[in-house]
Amino acid sequence: VVFMGDSITEGWSQLYPKYFGQRGYVNRGISGQTTPQMLIRFKPDVIDLNPSAVVILAGTNDIAGNTGPSNIKMITDNIFSMSHLAKVYGIKVVLSSILPVYEYEWAKEIKDVLSIILDINRKLKEFAISNNMDYLDYYSSVVDAKGGLIKDYSSDGVHPNIKGYEIMSDLAEEVLVRILDS
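Below is a short write-up of the structure.

Calculation notes
- Residues numbered from 1 in each chain as written.
- Predicted model: local features only at pLDDT ≥ 70, side-chain atom pairs only at ≥ 80, totals over all residues.
- Heavy atoms only, no water.
- Helix = DSSP H or I, 4+ residues; strand = E, 2+ residues; numbered from the N terminus.
- Rg over C-alpha atoms; globule rule 2.2 N^0.38 Å.
- Buried < 20%, exposed > 50% of the residue type's maximum accessible area, 1.4 Å probe, protein only.
- Areas by Shrake-Rupley, 256 points an atom, 1.4 Å probe, with all protein chains shown as cover.
- Lys, Arg positive; Asp, Glu negative; His and termini not counted.
- Charge placed at Lys NZ, Arg CZ, Asp CG, Glu CD.
- Salt bridge = Lys/Arg side-chain N within 4 Å of Asp/Glu carboxyl O.
- Patch = residues over 30% accessible without salt bridge, like charges linked within 9 Å, V, L, I, M, F, W, Y side chains within 5 Å.
- Contact = heavy atoms within 4.5 Å.
- Phe/Tyr/Trp six-rings, centres within 6.5 Å; stacked < 30°, edge-to-face > 60°.
- Polar contact = N/O pair within 3.5 Å; in protein donor to acceptor, adjacent residues only side chain to side chain.

As a further point, take the overall build of the chain. Within the chain, the regular secondary structure consists of eight helices and five strands. In the chain, the succession of helices and strands from N to C terminus is β-α-α-β-α-β-α-α-β-α-β-α-α. The C-alpha radius of gyration of the chain comes to 15 Å, within 12% of the 16 Å expected for a compact globule of 182 residues. Oriented by its inertia axes, the alpha-carbon framework of the chain measures out at about 40 × 30 × 25 Å. Within the chain, the proportion of its 182 residues that are buried is 49%. For the chain, the computed accessible surface area is about 8,500 Å², with 53% contributed by carbon and sulfur atoms. With 17 positive and 22 negative side-chain charges, the chain shows a spacing of 2 Å between the two charge centroids.

Structural data, given as structure tokens:
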């Protein structure tokens, strides 16, 4: 299994390494990356490793404008393209919800983050269902009453801490055990 993503994925192996180490999962998270950058590296970082499954967690840096302005269609099109590539190569796809974020500390000018994340997550779930892929809903388990990441699960409101990764690991494992045994 390959986990494809940005700093949230990259930090997972650093803060909670036992999840990856015990299972032999491969972490291909690169801090700061946006979906077009991930799409470019999808072949060498995922397909060439010939995994049984890929868990894609992407889009939060696009919303924050890390590589320039983007919109919901651009973000979802890139994620959908990674998904289609995986399916062509016989790799099972798990599309992950974007984690809740109230505000990006480095991009406070981005408005309406909550509704953008909810809209993208809705589109990802619909796409997964209509294309016989799995949707992994981290969002619902870590969101607070204001639409941000629960404080106990993050130190900065964007990136999970160990408690956050423990929850994410349990959720991911539920899906992976089911799809890898089928």
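Moving on, there is more to tell.
Tallied over the entire structure, the rule returns eight salt bridges. As a salt-bridge pair, R122 and E126 come within 3.1 Å of each other at their nearest N and O atoms. Here R122 and its partner E126 are both found in helix α6 (residues 113–130), four residues apart, which amounts to about one turn of the helix. Note that D134 and R178 form a salt bridge whose closest N and O atoms lie 2.7 Å from each other. Separated by 44 residues along the polypeptide, D134 in strand β5 (residues 134–136) and R178 in helix α8 (residues 162–180) bring together distant segments of the chain. Residue class for R178 comes out partly exposed when judged on its relative accessible area of 48%. When salt bridges with common partners are traced through the structure, they connect R28, R41 and D45 into a single cluster.

This paragraph deals with a nonpolar patch on the surface. On the surface, L85, V88 and Y89 cluster together into a nonpolar patch covering about 290 Å² of accessible area. Tracing the sequence through the fold places L85 in helix α5 (residues 72–88).

The topology assignment puts V54 in strand β3 (residues 53–57). Along the sequence, V54 and Y25 sit 29 residues apart, while their C-alpha atoms lie 9.8 Å from each other. Apart from residues no more than four positions distant in its own chain, V54 is found in contact with V2, M4, F42, V46, A86, I91, K92, V93 and V94.

Evaluation of the coordinates by the stated rule reveals 11 aromatic pairs. Judged by centre distance (5.0 Å) and plane angle (70°), the ring pair of F3 and F20 falls under edge-to-face. Taken as a pair, F3 in strand β1 (residues 2–5) and F20 in helix α2 (residues 17–23) lie far apart in primary sequence, 17 residues in all. Owing to a relative accessible area of 1%, F3 belongs among the buried residues under this scheme. Centre to centre, the rings of W12 and Y138 are 6.2 Å apart; their planes meet at 75°, and the pair counts as edge-to-face. Pair noted here: W12 is in helix α1 (residues 7–15) and Y138 is in the loop between β5 and α7 (139–142), with a separation of 126 residues, a long-range link. Among the residues examined, Y138 registers a relative accessible area of 0% and is labelled buried. The structure contains a cluster of three or more aromatic residues connected by ring pairs, namely F3, W12, Y19, F20, Y25, Y138 and Y165.

What follows is about unusual backbone geometry. In this structure, N50 is a non-glycine residue whose phi angle is positive, near 50°. Considering the arrangement of structural elements, one finds N50 in the loop between α3 (35–45) and β3.

On to the side chain of S97. Relative to the helices and strands, S97 is located in the loop between β4 (92–96) and α6. Reaching out from S97, the side chain makes a polar contact with the backbone nitrogen of Y138 at a distance of 2.9 Å. Within the structure, the side chain of S97 is placed 2.9 Å from the backbone nitrogen of Y139, a separation counted as a polar contact. If we skip the residues at most four places from it in the chain, S97 touches L57, N121, Y135, L136, D137, Y138 and Y139.

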